[in-house]
Amino acid sequence: MNKLKYIITLIASVSVLLFISSCDQEDPLTPETDKYVTFDRDGSVIPSRIQFSKDMIYFFRLSFDSNYLPEDSISVLAYFTSGTDTVSIDLYDDGIIDDSLRNDLAASNNIWSGGINAQSYPAEGDWRLNIESVNGENLIKEYEPVEGIRVRSNTAPDIVSVTGLNENDTLISGFKTRNIVVKVEDPDNDAAGYNDNQTLRLEIRNRDNIPKDYEFTRQNPLSDIVFQLDSTLAAGLKTNNRYNLTFIATDYYGESDSLKLDFIRIENLPPTIVSTEHPDTINTAEQGVFWIRSLINDPQGRLSYQDIERVMITINMLEYELLDDGDFITSGDETENDGLYSIGFSYNQGASGTFSFSITAYDKAGNISEIYQSAIVLSAKNSKNINTGNDNETYYNYIDPFKLK
């Protein structure tokens, strides 16, 4: 009996192990009921304004998140509706670009692409984009439609006039701020600014390929575009009598008008070193640090993001850069963007000698300031001169420009 019990127990144990093993070896694929295809509206490209009756292609790209495999043959259907009108758009995820309407960038990446000619819409109106995912003839999911795709006739904007700036004008270095008024007419504009509001781009040309463009938005769709130009307009531009300022107004449908003002003289003069602070004599009885600070002015903007390219000091035949970054620990500068450019130096105990140095400011147009020149005397004395530096180097990591002498 004991032997029979053992055999029965052994058989039962083996059966349990086989069951567990078979469970471990089940198909790891997600059950069909857990499959999903989710529409990603934020990751999609859906034009919201289409110009009615124009021979122009608009591309749509619909992004999805899915755990279906390519061999599952999932596809996406889309069509536009407005009232009783329906317009279909063919979508592809095959990476093929073979004509004006088929323009998919990558195969099997769950981004379905298709193009539609604006002439395919039979009428103006606010159209709805309906989206479905299917498996063969079987509907998987119908998604929340995308509303408000406006199909409208459009008239290009017209720049009627620009005041505050004229052809043959001269913008002297440091010129006073000018109020610029651009009058734009467009019969498509509505009071809400929703139908056809414009943006304005100002391009400065004949500038040796320096990017110098400005963009403005029409705040009131039925008013003029008003903005200000100050002397920082000339930052990075060399003095030239033949700059071309082109104003370009572009509407929501991508149509535009331009107006050119030629022979504009823009002047850019060099920066100046207004003042420089530094110790004349440093007591090196103990090691320490000191700072040099130069106040810089430039009619085109004295800050590094305006017309100042760099401010350099030459000491002991080596060049170092003064900064206006507000990073006291690394540069010695106390306040960012105040026009005061700073550098911190350390010195060793017992260092001595007279060290000449010079400071030069450069602007982004290639202009160079007059050079500031001075000298610092290092002398090891028994008593400290507390006004020349800081003898606590614990919190600073400045370079020592005197160690090579």
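Residues numbered from 1 in each chain as written. Predicted model: local features only at pLDDT ≥ 70, side-chain atom pairs only at ≥ 80, totals over all residues. Heavy atoms only, no water.

### Brief notes about the sheet that holds strand β1 (residues 37-45)
Working step 1: Pairing is antiparallel in the open sheet, where three strands are placed in the order β1-β3-β6. The open sheet is flanked by β1 and β6 (111-117), the only strands paired with a single partner. Adjacent strand axes in the sheet meet at a mean angle of 30 degrees, parallel and antiparallel pairs treated alike.
Working step 2: Summarising the sheet, β1 and strand β3 (residues 57-66) pair through five bridges and their orientation is antiparallel. Residue pairing across strands places D40 opposite S63, the latter belonging to β3. (Pairing = 2+ DSSP bridges. Helix = DSSP H or I, 4+ residues; strand = E, 2+ residues; numbered from the N terminus. Axes fitted to C-alpha atoms, helices over the stretch in contact; angles between N-to-C directions.)

### Observations concerning the side chain of E255
Working step 1: Summarising the element assignment, E255 is placed in the loop between β16 (240-251) and β17 (256-266).
Working step 2: A polar side-chain atom of E255 sits 3.0 Å from a polar atom in the side chain of K54.
Working step 3: In contact with E255, other than residues within four places in its own chain, are Q51, K54, N154, T155, A156, P157, A249 and T250. (Polar contact = N/O pair within 3.5 Å; in protein donor to acceptor, adjacent residues only side chain to side chain. Contact = heavy atoms within 4.5 Å.)

### Overview of the sheet that holds strand β11 (residues 170-171)
Within a beta sheet, neighbouring strands are joined by backbone hydrogen bonds and run either parallel or antiparallel to one another.
Working step 1: Pairing in this open sheet of five strands is mixed, and the strands run β11-β17-β16-β13-β14 from one edge to the other. For this open sheet the edge positions go to β11 and β14 (213-217), each flanked by a neighbour on one side alone.
Working step 2: Relative to β17, β16 runs antiparallel, the two being bridged by eight bridges. Within β17, the position partnered with A249 by the bridge is D257.

### Notes on the nonpolar core
Working step 1: Formed by 28 residues in total, the largest nonpolar core has its most connected members in F60, L62, F64, F80, Y121, L129 and I131.
Working step 2: Sorting the residues of this core by element identifies β1, β3, β4 (74-82), β5 (85-89), β6, β7 (125-135) and β9 (146-152) as the ones contributing at least two each.
Working step 3: Look past the residues within four positions of Y121 in its chain and what remains in contact with it is I50, F52, F60, F80, V87, I116, W127 and V151.
Working step 4: Core analysis: the second largest hydrophobic core is formed by 25 residues, V182, L202, L237 and L245 among them. (Core = buried A, V, L, I, M, F, W, Y, C linked by side-chain atoms within 4.5 Å. Buried < 20%, exposed > 50% of the residue type's maximum accessible area, 1.4 Å probe, protein only.)

### Regarding the environment of Y396
Working step 1: By the element assignment, Y396 lies in the segment after β25 (372-379).
Working step 2: With a relative accessible area of 18%, Y396 lands in the buried category.
Working step 3: Taking the C-alpha atoms as reference, Y396 lies 9.2 Å from S331; in sequence the two are 65 residues apart.

### Some remarks on the packing of aromatic side chains
Centre distance and the angle of the planes are the two values used to describe a pair of aromatic rings.
Working step 1: Scanning the entire structure with this criterion turns up 15 aromatic pairs.
Working step 2: Their ring planes at 65 degrees and their centres at 5.4 Å tell us that F80 and Y121 sit as a pair that is edge-to-face. Placement of F80 in strand β4 and of Y121 in the loop between β6 and β7 is noted, with a sequence separation of 41 residues between them.
Working step 3: Classification of F80 as buried rests on a relative accessible area of 0%.
Working step 4: Looking at Y121, the relative accessible area reads 2%, which means it is buried.
Working step 5: For the ring pair F290 and Y347, a centre distance of 6.3 Å and an interplane angle of 35 degrees mean the geometry is tilted. On the criterion of sequence distance, the pair formed by F290 in strand β20 (residues 288-297) and Y347 in strand β23 (residues 340-347) is long-range, its members being 57 residues apart. By the burial criterion, F290 is buried, and Y347 matches it.
Working step 6: Taken together through their ring pairs, the aromatic side chains of F290, Y320, F345, Y347, F355 and F402 make up a single cluster. (Phe/Tyr/Trp six-rings, centres within 6.5 Å; stacked < 30°, edge-to-face > 60°.)

Honestly, it's all geometry; don't read function into it.
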